[in-house]
Amino acid sequence: MEHHAQFRTRWLVALLLAPQVLLVFTFFYWPAGAALFWAFTLEQPWGGGNAFVGFDNFTSLFADSFYWASVGRTIVFALASSCLAMGMALVLALFCDRQLRGYAYYRTALIWPYAVAAPAAAVAFRYVFAPEAGVFAGLNAMYPGLWNPAMSGTDAMIMIIIAYSWKFISYNFIFFLAGLQAIPRSLIEAAAMDGSGVLRRMRDIQLPLLTPTVFFLLVINITDSFVDSFGIIDITTEGGPAKATNLMVYKIYFDGFKGLDYSGAAAQSIVLMVLVMALTFVQFRYVERKIHYK
Amino acid sequence: MADISIRQVYKSYGRTEVVHGVDLDIHDGEFLVILGPSGCGKSTLLRMIAGLEAISAGDILIAAKRVNDLEPRQRGCAMVFQNYALYPHMSVAENIGYALKVAGIAKAERLRRIATVAATVGLGDFLDRLPAHLSGGQRQRVAMARAMIREPQVFLFDEPLSNLDAQLRVQMRIEIRRLHRRLATTSVFVTHDQIEAMTLADRLVVMNGGTIEQVGTPSEVYHRPASRFVGSFIGSPAMNFLAATIARPGIATIRAGHAIAFAETDFTAPPGTQVEIGIRPEDLIVTSPGTPDAIEMQVEFQEELGAGRLVHGRFAEQDFIVQLPAGHKPVASLSLFVLAPAQAVHVFDAQTGRSCRAAACSTGPA
């Protein structure tokens, strides 16, 4: 980084940076600062005065079994949705990379879901997974009570995992396809000459060389599943039934805005923020540095 | 051990045809080099033998077995790629042994064979390294070892030396030649480098524009080029060409009015035929001014080669090069008189570009 353009005047630098800095401050640092402040105070539900309570909010949070249940569900959701979204995306990308007939159309079509807003996708999936209509009505007619996300917590969890993954398949697909296409063609050809078949080449050559992409996506997928699942949950299950899909991010919203426990919600926000920061740190520290082949 | 037979092979990408009906027989145990400029279809032909490109029309037979519809792994060929194509996440040993691993050979046996082959190419001390930690020459050796360990019927080389520096290229060329002498495996080597082609080949195939121009030993191709293209492509500095008309058997007239004698027993063309006369710069002999029919060339500049000296200039409105032997003093005058011995003169049909060499001596494609 020896060559960078030098601005003569500092005020021009400040002026050009101002809009971005203002945006970041208003929408990221200010709320984060407020959450931090609230997490260490006790807020009145209807406003008007607060008292500093130190770590009391956190102590009561960590003593709450409902909170730990929510953490557990969040981990299940994060792992299941990341595996599903990445697994499906990888299979689709491997097929596209093989350049089977019509792959150019699939490639374009597979990118579209990412452009669909999460709540819109959630509305669609509410209909797809409705127990009284569509595919599941037929299955329920054959095996009564087989599927009902409004009654069964497991069904509800499966539903939000699929609905959430659907959108992320697109995102992962783009990265996997780019990763696969960055592998020199001659490596695949060399393996073919060495007697390796299609599946064996995927296992021995393509997947190992895709490790940097896999780790990058794993961190991104888990991080995003912590925060991005809100839209899906709010439209499909609202955290139910019986809190079965009350993930950490939804619990923050529910406790804060429905339960009017601002301080408790703020403390939960801080915990989630620390988690995301930790994962981002892992991303930069280990993944970006290691697992790169020349 | 296998011979390869290529019969009327075509290759098209969509509507673009890049290989136009190639016929070629590669003998068992021979080292065949395919030489041509980039885009002439030589690599495509090699990749069709390997099974990496589909054959649009025609047949390829390896050991008398039609391989058109066989997967690369079923053809018994091993290939060395231009960029080596080493697996970057595997150690040298794993790279070399990958084919054996895929073939399901037991680990102990695998390690034994890896060690043997690695020793052959001088990689014994590098087995645990990753390709990224090897020099260009070492990577090249790994690629060779990887091809050798399978004991294939056929070795295919796709410009394997073009990424190496000049000195290493010469060294690797010698090693490849030595290897072939020892293993005597049928080898097909594609290159655009004429020195590489001349030095490695038992037989040389010159390709241009998707067709074969000439097949022959390096000496045949050099001394008896079957076409103007072969004459111009092989030999450095390039052959001089002069437009001429056949005056009578054994004599052609250059437009400037000079007569040039050629071996009338070798080249047959009826009087009046428009031809191009080809003379190699190293065949021209300096003579004294005023010699009858001597070519008087306008000297422009000279290049010192150490082992000789090149004189660049013009004759009959065309570029003309003369190579002087070592020890010859620099040309001081503005013009130089040279003679072309009749035996060193090549005659090409101006229209078709083919050599006018009598059919009996022709070494062109059948």
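Rules and cut-offs
- Residues numbered from 1 in each chain as written.
- Chains lettered and ligands numbered in written order.
- Predicted model: local features only at pLDDT ≥ 70, side-chain atom pairs only at ≥ 80, totals over all residues.
- Heavy atoms only, no water.
- Helix = DSSP H or I, 4+ residues; strand = E, 2+ residues; numbered from the N terminus.
- Buried < 20%, exposed > 50% of the residue type's maximum accessible area, 1.4 Å probe, protein only.
- Contact = heavy atoms within 4.5 Å.
- Areas by Shrake-Rupley, 256 points an atom, 1.4 Å probe, with all protein chains shown as cover.
- Lys, Arg positive; Asp, Glu negative; His and termini not counted.
- Charge placed at Lys NZ, Arg CZ, Asp CG, Glu CD.
- pLDDT = per-residue confidence, 0-100.
- Phe/Tyr/Trp six-rings, centres within 6.5 Å; stacked < 30°, edge-to-face > 60°.
- Lys NZ or Arg CZ within 6 Å of the ring centre and 35° of its normal.
- Salt bridge = Lys/Arg side-chain N within 4 Å of Asp/Glu carboxyl O.
- Axes fitted to C-alpha atoms, helices over the stretch in contact; angles between N-to-C directions.
- Parallel < 35°, antiparallel > 145°, perpendicular 65-115°, else oblique.
- Left-handed = near helix turned anticlockwise from the far one by under 90°.
- Domains from an automatic or database assignment.
- Buried area = accessible area lost by both parts, 1.4 Å probe.
- Polar contact = N/O pair within 3.5 Å; in protein donor to acceptor, adjacent residues only side chain to side chain.
- Nonpolar A, V, L, I, M, F, W, Y, C, P; charged D, E, K, R; others polar.
- Expected span 1.5 Å × (residues − 1).

### Focus: the overall build of chain A
Within chain A one finds 13 helices and two strands. Based on the C-alpha atoms only, the size of chain A along its principal axes is roughly 75 × 75 × 30 Å. When the 294 residues of chain A are sorted by exposure, 40% land in the buried category. The long-range fraction of contacts in chain A, counting pairs at least 24 apart against all pairs at least 6 apart in sequence, stands at 69%. In the form shown here, chain A has an accessible surface area of approximately 16900 Å², with 70% of it arising from carbon and sulfur atoms. Computed over 19 positive and 17 negative side-chain charges, the inter-centroid distance for chain A is 11 Å.

### Remarks on the overall build of chain B
When helices and strands are tallied, chain B shows eight helices and 20 strands. Each of the three principal axes of chain B carries a C-alpha extent, and together these read 80 × 45 × 35 Å. Looking at chain B as a whole, 53% of its 366 residues qualify as buried. Residue pairs in contact within chain B that sit at least 24 positions apart in sequence constitute 67% of those at least 6 positions apart.

### Quick look at the confidence of the model for chain B
Of all residues in chain B, 97% attain a pLDDT of 70 or more, and the chain-wide mean is 88. Long-range and interchain partners of residues 360-366 of chain B, a stretch whose pLDDT sits below 50, account for twelve contacts in this model, where long-range means more than four residues apart.

### Here we look at the packing of aromatic side chains
On inspection of all chains with the given rule, the structure shows 32 aromatic pairs over all chains. Ring geometry for Phe168 of chain A against Tyr171 of chain A: centres 5.4 Å apart, planes inclined by 55°, an arrangement best described as tilted. In this pair, Phe168 of chain A and Tyr171 of chain A both sit in helix H7 (residues 153-181), three residues apart, roughly one turn of the helix. The same class applies to Phe168 of chain A as to Tyr171 of chain A, namely buried. Within the aromatic cluster, the residues linked to one another by ring pairs are Phe77, Tyr114, Tyr164, Phe168, Tyr171, Phe175 and Phe216 of chain A. The aromatic ring of Tyr87 of chain B is capped on one face by Arg146 of chain B, whose charged end is 4.7 Å from the ring centroid. Against the face of Phe241 of chain B rests Arg228 of chain B, its NZ or CZ located 4.0 Å from the ring centre.

### Details of the pattern of salt bridges
In the structure shown here, the tally under the stated rule is 19 salt bridges over all chains. Measuring nitrogen to oxygen at the nearest pair gives 2.9 Å for the salt bridge that ties Glu30 of chain B to Arg203 of chain B. In this pair, Glu30 of chain B sits in the loop between strand E2 (16-26) and strand E3 (31-35) while Arg203 of chain B sits in strand E9 (residues 203-208), placing the two residues 173 residues apart along the sequence. We note that Glu30 of chain B, like Arg203 of chain B, is buried. Counted as one network, the salt bridges with shared partners bring together Glu189 of chain A together with Lys11, Arg47 and Glu53 of chain B.

### Notes on the packing of helix H3 (residues 65-97) of chain A against H7 of chain A
All names here are of chain A. At a minimum axis separation of 6 Å, H3 and H7 run at an interaxial angle of 40°. As the angle between them shows, H3 and H7 are arranged oblique. By crossing handedness, the relation of H3 to H7 is classed as right-handed.

### What to know about the domain arrangement of chain B
Accessible area lost on assembly of the parts is the figure often given for the size of an interface. Residue and element names in this part refer to chain B. Domain annotation for chain B reports domain 1 (4-228) and domain 2 (229-361). Taken over C-alpha atoms, the centre of domain 1 sits 37 Å from the centre of domain 2. The interface of domain 1 with domain 2 comprises 20 residues on the first partner and 20 residues on the second. Summed over both sides, the interface of domain 1 with domain 2 buries roughly 1800 Å², with 58% coming from carbon and sulfur. The interface formed by domain 1 and domain 2 holds two salt bridges in total. Taken together, the links from domain 1 to domain 2 amount to 13 residue pairs in polar contact (both at pLDDT 80 or more). If you list the elements that add at least two residues to the side of domain 1 that touches domain 2, you get helix H6 (194-200), E9, strand E10 (211-216) and helix H7 (218-223). Sort the elements by how many residues they give to the side of domain 1 that touches domain 2 and E9 lands first, with four residues. For the side of domain 1 that touches domain 2, a count of residues per class yields ten nonpolar, seven polar and three charged.

### Digging into helix H10 (residues 211-228) of chain A
If you check H10 of chain A, its first and last C-alpha atoms are 24 Å apart, about what 18 residues at 1.5 Å a residue would give, namely 26 Å. Restricting attention to buried positions, one finds in H10 of chain A the residues Pro212, Thr213, Leu217, Val219, Asn221, Ile222, Thr223, Ser225 and Phe226 of chain A.

### Focus: the environment of Ser227 of chain B
Residue and element names in this part refer to chain B. Tracing the sequence through the fold places Ser227 in the loop between H7 and helix H8 (228-233). Between the C-alpha atom of Ser227 and that of Arg357, which follows or precedes it by 130 residues, the distance is 9.6 Å. Ser227 has contacts with Glu213, Phe348, Gly353, Arg354 and Ser355, leaving out every residue within four places of it along the chain.

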